[in-house]
Amino acid sequence: MLINRTFFVYVALMTLVVVASNFLVQYPLPGSIAGMQLGDLLTWGAFSYPFAFLVTDLTNRHFGPRIARRVVVVGFLVAIVLSFFAATPRIAIASGSAFLFGQLLDISVFNRLRRQSWWQAPLAGSLIGSALDTAMFFSFAFAPFFVFFGPNDSFALETAPLLGILATEAPRWISWALGDLSVKILCGIVMLLPYGALMSVIKPMPAGKAAA
């Protein structure tokens, strides 16, 4: 019974993170820093989505990869349905696809490194998963080639200085992807703090119970 309750807590947390990120990714950051237009570099979704990797890694630590995959799949199904109401269909498709494959890759990497130093599995899993997630999401959501997922976003396709500061120009979604990945890398490092703090509370369950 306790396993079932905890499982649904993880699913609820994962759903909350993905739906919020699907909504926030549509809004570029306002303002500028040192002449760099933040709207050409980042969306608000870059700051919320990395929490998904924390949820996945804690689930994997607690229950193992089998249950972690269930949380990812259930969270994916619930989140993508709700995302069609919180975001455009194209954003929902892009987010769902990137989320599913990025999180499954995170689980695989985490499981391979789980017997190493405590920080290696969550850090490597989140960084590698984030790279795949970012590449898939921004390509599916904004690249003209994937227009069959939905209409192109004219603002995302407009050229602007790369990363908001370089002389080279590129479509805004390229800078968003690079900025998003940079934030995810930073957040992946920062998320080691809550992961480490929760290690004494969320401990691996015996294999027999975790598979139940």
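What you see is a predicted model, and the numbers here were worked out from it, not measured in a lab.

Rules used in this analysis
Counting starts from 1 at the beginning of each chain's written sequence and moves along it residue by residue. Only residues with pLDDT of 70 or above have their local features reported here, since the model is predicted, and side-chain atom pairs are shown and tallied only from 80 upward, although totals for entire chains, interfaces and linings are computed over all residues. Water and hydrogen atoms were dropped before computing side-chain values, which therefore reflect all heavy atoms in the structure. Any carboxyl oxygen of Asp or Glu within 4 Å of a side-chain nitrogen of Lys or Arg constitutes a salt bridge here. Going along the chain from the N terminus, every DSSP run of H or I of four or more residues is numbered as a helix, and every run of E of two or more is numbered as a strand. Working definition: with a 1.4 Å probe on protein chains only, accessible area under 20% of the residue-type maximum means buried, over 50% means exposed, and in between means partly exposed. Cavities and pockets were defined on a 1 Å grid built over protein atoms only: a cavity is a set of grid points that admits a 1.4 Å probe from which the probe cannot escape, a pocket is an open set flanked by protein on both sides within 12 Å along at least five of seven lines, and lining residues are those with an atom within 4 Å of any such point. Grid points are joined across faces, edges and corners, and a volume is the space filled by probe spheres set on the points. Under the convention adopted here, Pro, Cys and the residues Ala, Val, Leu, Ile, Met, Phe, Trp and Tyr are nonpolar, Asp, Glu, Lys and Arg are charged, and Gly plus all remaining residues are polar.

Trainee: Tell me about the pattern of salt bridges, and name the residues and values.
Mentor: Counting across every chain of the model gives three salt bridges. The residue E158 makes a salt bridge to R172 at a minimum N-O spacing of 2.7 Å. With E158 in the loop between helix 7 (154-157) and strand 3 (159-161) and R172 in helix 8 (residues 172-190), the pair connects residues that are 14 residues apart, well separated along the chain. Using a relative accessible area of 39% as the deciding quantity, one classes E158 as partly exposed. By relative accessible area, R172 is classed as buried at 13%. As a salt-bridge pair, D180 and K184 come within 2.9 Å of each other at their nearest N and O atoms. Placement of the pair is D180 and K184 together in helix 8, with a separation of four residues, close to one helical turn. Linked through salt bridges whose partners overlap, the residues forming this network are D133, D180 and K184.

Trainee: Pulling in residues and values, what's your account of the layout of surface pockets?
Mentor: Space inside the largest pocket adds up to approximately 220 Å³. Lining the largest pocket are 16 residues, with Q26, T88, I91, F142 and D153 sitting closest to its centre. Residue assignment for the lining of the largest pocket shows that the elements contributing at least two residues are helix 5 (89-113) and helix 6 (120-142). The leading source of residues in the lining of the largest pocket is helix 5, at three residues. The class makeup of the residues in the lining of the largest pocket is nine nonpolar, five polar and two charged. In this structure, the second largest pocket encloses a volume near 190 Å³.

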